[in-house]
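# Per-entry structural report
Spelled out, the chains give:
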There are 2 protein chains.
Amino acid sequence: MAVEPIERLTRELSRLPGIGQKTAQRLAYHILAMEEERVRDLAVAIFNSKKQVHSCPVCGNYTDTDPCEMCADPRRRKDVICVVRDPRDVNAIERMREFQGMYHVLGGVISPMDGVGPDDIRIRELMDRLQDGTVKEVVLATNPDVEGEATASYISRLIRPLGVKVTRIAHGVPVGGELEYADEMTLLRAFQGRQEM
Amino acid sequence: MAVEPIERLTRELSRLPGIGQKTAQRLAYHILAMEEERVRDLAVAIFNSKKQVHSCPVCGNYTDTDPCEMCADPRRRKDVICVVRDPRDVNAIERMREFQGMYHVLGGVISPMDGVGPDDIRIRELMDRLQDGTVKEVVLATNPDVEGEATASYISRLIRPLGVKVTRIAHGVPVGGELEYADEMTLLRAFQGRQEM
């Protein structure tokens, strides 16, 4: 007694991350109860996002302009580039409202286990951006996990010969966290990175 | 530095129930990373569900046929109608795989607080279905809350003069639950509804 369009909608929704079968069904029924115009708005927003958004040819972040607004912004510092894994990370760093430089989105990290090598992410594009001598510092802000560290090391070895300063974001105890609950690796990094007060 | 299509998608997604700002953003980035064909499938499934699905003119359940498959199914018993608040409840009862009769979806419950009166839900349509004498029993399966009880009482008073049997689903301790955690009202109903073993 399945109503095909409802089944199909539930199936498509359940493919999204964090949305199980039950939640998908709840969402499907909610959508059916929405006004037609709102449903159209939702469908169009999904469709257009993919149509209109692409990677900036310079930094690799999502954009609907060429280059992206950040790359084109004359107020941002051109002498420092922050390297991140994906567009989400740009968002996280922008929320901090402190970094005023440029970004470079790798679109992934080196992961031999997943068959991702240095040529599969935007490392060559990063090296190209360093050629004209404008950039004085590259901040490596990949995640503090195995792949993120390996990727940061790899990039740092490539850049150092160019005479460009390479930095890595600090690892340590999260602000507001408790020492008691910090894992050994984090504590070790926090000690290694200790600074004079 | 907002990318408008991403902002718009995040906004539309965050209007869905149980999806906050953070989840909406996570979903938006996931959608941007999906293959274009899969994004189109999702958008079309949403759009078509609303276009193709409507309320069955007989029972009020969601359907893409007229009448719905269940109303048209000759294998289902025509002499008993189960009355529920909305299409989700039909689904829940069907999952039980026990009820073989027809359904009647009210599309809401009587709720003076929300300005919903008897004429705002499909009570008249239910009465029409009882006119030809085919239906021998009406099972009232509205929720066991104040509005659900009030609606069941109201409908039962309307139907009784027609000589049609009116029943109400049992209230009691949920299967697998523990007495210790049952609230007083549920326990009271469980005692009132006790049956000889």
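A quick note: this is a predicted structure, and the numbers were derived from the prediction, not measured. (Residues numbered from 1 in each chain as written. Chains lettered and ligands numbered in written order. Predicted model: local features only at pLDDT ≥ 70, side-chain atom pairs only at ≥ 80, totals over all residues. Heavy atoms only, no water.)

This part is about unusual backbone geometry. All names here are of chain A. In this chain, Asp66 is followed by Pro67 through a cis amide linkage whose omega measures -10°. Considering the arrangement of structural elements, one finds Pro67 in the loop between strand E2 (62-63) and helix H4 (69-72). Despite not being glycine, Arg97 shows a phi value in the positive range, around 55°. Turning to its location among the elements, Arg97 is positioned in the loop between helix H5 (87-95) and strand E4 (102-105). (Helix = DSSP H or I, 4+ residues; strand = E, 2+ residues; numbered from the N terminus.)

Before going further, it helps to examine the interface of chain A and chain B. Between chain A and chain B, the contact holds 53 residues from the first and 54 residues from the second. Carbon and sulfur atoms supply 65% of the area that chain A and chain B bury against each other, a total of about 5,200 Å² over both sides. Counting the contacts that link chain A with chain B gives four salt bridges. The shortest N-O distance in the salt bridge between Glu12 of chain B and Arg38 of chain A comes to 3.3 Å. Here chain A and chain B share ten residue pairs in polar contact (both at pLDDT 80 or more) between them. Those elements giving two or more residues to the side of chain A that touches chain B turn out to be helix H1 (4-14), helix H2 (21-33), helix H3 (36-52), E2, H4 and H5 of chain A. In terms of residue class, the side of chain A that touches chain B is made up of 27 nonpolar, seven polar and 19 charged. (Contact = heavy atoms within 4.5 Å. Buried area = accessible area lost by both parts, 1.4 Å probe. Salt bridge = Lys/Arg side-chain N within 4 Å of Asp/Glu carboxyl O. Polar contact = N/O pair within 3.5 Å; in protein donor to acceptor, adjacent residues only side chain to side chain. Nonpolar A, V, L, I, M, F, W, Y, C, P; charged D, E, K, R; others polar.)

Once that is clear, we can look at empty space enclosed by the protein. Sizing a probe to match a water molecule and rolling it over the atoms shows the empty space that remains. Counted under the stated rule, the structure contains two cavities of 30 Å³ or more. For the largest cavity, the lining is made up of 13 residues, of which Leu13, Leu16 and Ile46 of chain A together with Leu13 and Leu16 of chain B are closest to its centre. Within the residue set of the lining of the largest cavity, elements represented by two or more residues are H3 of chain A together with helix H2 (21-33) and helix H3 (36-52) of chain B. Partitioned by chemical class, the residues of the lining of the largest cavity number 13 nonpolar, no polar and no charged. In this structure, the second largest cavity occupies an estimated 40 Å³ of space. Lining the second largest cavity are Cys59, Asn61, Met70, Cys71, Arg76, Gly101, Met102 and Tyr103 of chain B. (1 Å grid on protein atoms, 1.4 Å probe; cavity = no way out; pocket = protein on both sides within 12 Å on 5 of 7 lines; lining within 4 Å. Points joined across faces, edges and corners; volume = space filled by probe spheres on them.)

This brings us to the environment of Val39 of chain A. Mapping Val39 of chain A onto the fold places it in helix H3. Residue classification places Val39 of chain A among the buried residues on the basis of a relative accessible area of 1%. As a C-alpha pair, Val39 of chain A and Thr63 of chain A span 24 residues in sequence and 25 Å in three-dimensional space. When near neighbours in sequence (up to four residues on either side) are disregarded, Val39 of chain A contacts Ile31 and Met34 of chain A together with Ile46, Phe47 and Lys50 of chain B. (Buried < 20%, exposed > 50% of the residue type's maximum accessible area, 1.4 Å probe, protein only.)

Residues and elements named next belong to chain A. Checked against the element boundaries, Arg76 lands in the loop between H4 and strand E3 (80-84). Judged by relative accessible area, Arg76 falls into the buried class, the value being 8%. Of the polar contacts made by the side chain of Arg76, one reaches the backbone oxygen of Phe99; its length is 3.3 Å.

Now for the packing of aromatic side chains. Each aromatic ring pair is characterised by the separation of its centres together with the angle its planes make. All names here are of chain A. Per the stated rule, a full pass over the model turns up four aromatic pairs over all chains. Measuring from centroid to centroid gives 5.3 Å for Phe99 and Tyr103, while their planes differ by 65°, and the two rings are edge-to-face. No difference in accessibility class separates Phe99 from Tyr103, as the two residues are buried. (Phe/Tyr/Trp six-rings, centres within 6.5 Å; stacked < 30°, edge-to-face > 60°.)

Residues and elements named next belong to chain B. For the pair helix H1 (residues 4-14) and H2, the least separation of the axes is 8 Å and the interaxial angle reads 125°. The orientation of H1 with respect to H2, classified from their angle, is oblique. By crossing handedness, the relation of H1 to H2 is classed as right-handed. Together, Ile6, Leu9, Thr10, Leu13 and Ser14 of H1 and Gln21, Ala24, Gln25, Leu27, Ala28, Ile31 and Leu32 of H2 make up the contact between the two elements. Its residues placed into classes, the contact of H1 with H2 shows eight nonpolar, four polar and no charged. (Axes fitted to C-alpha atoms, helices over the stretch in contact; angles between N-to-C directions. Parallel < 35°, antiparallel > 145°, perpendicular 65-115°, else oblique. Left-handed = near helix turned anticlockwise from the far one by under 90°.)

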